[in-house]
Amino acid sequence: MIALELHPRIIETKDWATVLFVFSLLLIVVAKSSFENRFYDFIRLLVSDKYTKIYRESSHLMSGFNILLFVVNLISFSFFIQLVLSHYQYGEKTDWVLFVRIFTLLTVFILSKFLIEKIIATTFGIEEIIEQFNLYKVTFRTYIGLLLMPVCVILFYGNYITNSLILSIIGILFIINVLTYVVSLKNYQNLLFSKLFYFILYLCALEIAPYYFMYYLITQN
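No experiment lies behind these values; they were computed from the predicted model shown.

*Asks:* What is the right way to look at the overall build of the protein in this model?
*Replies:* A count of helical and extended segments in the protein gives 9 helices and 0 strands. Helices (α) and strands (β) of the protein occur, in sequence order from the N terminus, as α-α-α-α-α-α-α-α-α. Here the protein holds 221 residues, and 37% of them are scored as buried. Taking contacts inside the protein between residues at least 6 apart in sequence as the whole, the part at least 24 apart equals 79%. Accessible area for the protein stands at about 13,900 Å²; split by element, carbon and sulfur atoms hold 68% of it.

*Asks:* How should helix H6 (residues 127–157) be read in this particular structure?
*Replies:* At 3.6 residues per turn, the α-helix brings residues three or four places apart onto the same side. End to end, H6 covers 44 Å across 31 residues, agreeing with the expected 45 Å (1.5 Å per residue, within 8%). The largest bend in H6 amounts to roughly 30° and is located at Leu148, with the proline Pro150 lying one to four residues further along.

*Asks:* Even after reading the chapter, I still don't get the pattern of salt bridges, so can you show me in this structure?
*Replies:* Within this structure, the stated rule accounts for 1 salt bridge. For Lys50, the salt bridge is made with Asp41, and the minimal N-O distance between the two is 3.8 Å.

*Asks:* Any chance you could explain the environment of Arg56 here in plain terms?
*Replies:* Tracing the backbone shows Arg56 in the loop between helix H3 (50–54) and helix H4 (64–87). Each C-alpha atom, one on Arg56 and one on Glu131, is 9.7 Å from the other, the two residues being 75 residues apart in sequence.

*Asks:* Would you explain the packing of aromatic side chains in this entry?
*Replies:* Given two aromatic rings, their pairing is described by the distance between the two centres and the angle made by the two planes. Under the criterion given, the structure shown has 16 aromatic pairs. Here the aromatic rings of Phe79 and Phe99 are separated by 4.6 Å at their centres, their planes lie at 40°, and the arrangement is tilted. Taken together, the positions of Phe79 in helix H4 and Phe99 in helix H5 (residues 96–124) put the pair 20 residues apart, joining distant regions of the chain. Both residues of the pair, Phe79 and Phe99, belong to the buried class. Between Phe99 and Phe103 the ring centres are 6.0 Å apart and the planes differ by 25°, which places this aromatic pair in the stacked class. Within this pair, Phe99 and its partner Phe103 are both found in helix H5, separated by 4 residues, close to a single helical turn. Note that Lys93 overlies the ring of Phe156, its terminal NZ or CZ placed 5.7 Å from the centroid.

*Asks:* Whenever I open this one, the nonpolar core confuses me. Can you help?
*Replies:* As a rule of thumb, nonpolar side chains are buried together in soluble globular proteins. Trp16, Phe42, Phe65, Leu69, Phe79, Phe80 and Phe156 are the most contacted members of the largest nonpolar core, which totals 34 residues. For this core, the secondary structure elements donating two or more residues are helix H1 (15–34), helix H2 (36–43), H4, H6 and helix H7 (163–187). Of all the elements, H6 adds the most residues to this core, at 10 residues.

Rules behind the numbers
- Along each chain, numbering runs from 1 in the same order as the chain's sequence is written.
- Two thresholds apply to this predicted model, a pLDDT of at least 70 for residue-level local features and 80 or more for giving and counting side-chain atom pairs, whereas whole-chain, interface and lining totals are computed over all residues.
- Excluding hydrogens and water, the side-chain values take into account all heavy atoms of the structure.
- Helix numbering and strand numbering both begin at the N terminus, where a helix is a DSSP run of H or I of at least 4 residues and a strand a DSSP run of E of at least 2.
- For every residue, the accessible area (1.4 Å probe, protein chains only) is compared with the maximum for its type, and the residue is labelled buried under 20%, exposed over 50%, or partly exposed between those bounds.
- In this analysis, two residues are considered to be in contact whenever any of their non-hydrogen atoms come within 4.5 Å of each other.
- Reported accessibility uses the Shrake-Rupley method at a 1.4 Å probe radius. Residues are deemed covered only where the shown protein chains occlude them.
- Expected span of a helix: the number of residues minus one, times 1.5 Å.
- In this analysis the local bend is the angle between axes fitted, respectively, to the seven residues ending at and the seven residues starting at the residue.
- One side-chain nitrogen of Lys or Arg within 4 Å of one carboxyl oxygen of Asp or Glu is enough to make a salt bridge.
- When two rings of Phe, Tyr or Trp (its six-membered ring) have centres within 6.5 Å they constitute a pair, described as stacked for plane angles under 30 degrees, edge-to-face for angles over 60, and tilted for the intermediate range.
- Either the NZ atom of lysine or the CZ atom of arginine qualifies as a charge over a ring when it sits within 6 Å of the ring centre and within 35 degrees of the ring normal.
- We call a set of buried Ala, Val, Leu, Ile, Met, Phe, Trp, Tyr and Cys residues a nonpolar core when their side-chain atoms join them within 4.5 Å.

As structure tokens, then:
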């Protein structure tokens, strides 16, 4: 008699990721159809400063357009973080529970940071500066999130991830963020010089320290 040994067949499901990718695409379509002119100016952000000139008022920070693309941004960066963790064997890219944890942590971190920024800006009397500064940062980081989404789709469904590719993407993201800071500081230098001391405190407390502590916690755990 032949002895048969049965092994469970483990099937990695990617349906949840597909749903999220399609959902992100729908959000982009809604943003495009509802704010057609604004969306057109937005996608030309790298070659034209028209968008930043038209929508520079702080009232645009919490607009429907920004909220829709902010959700896409969160999904995009959460997927990228999960892909990086998966590559270095700290998780699985098909683990939807891990994605939920990353998405939740990222959302709480960004919203908490935004709330604390509002409180400190009010305390220091630099609300106008910080709101315009934040709007500029949000604009470019949202743009980065849109560019990162198709990259995440390709990396998720394919096996193209390498150390050099990950470091290249992180390097590009870092450079764009630095340039965003430099350009925004240049654009609002007249406002900044009037409140320079408080703005330096703001940068140290909320633009440098949180990322340092996150880096420390990740490397230590």
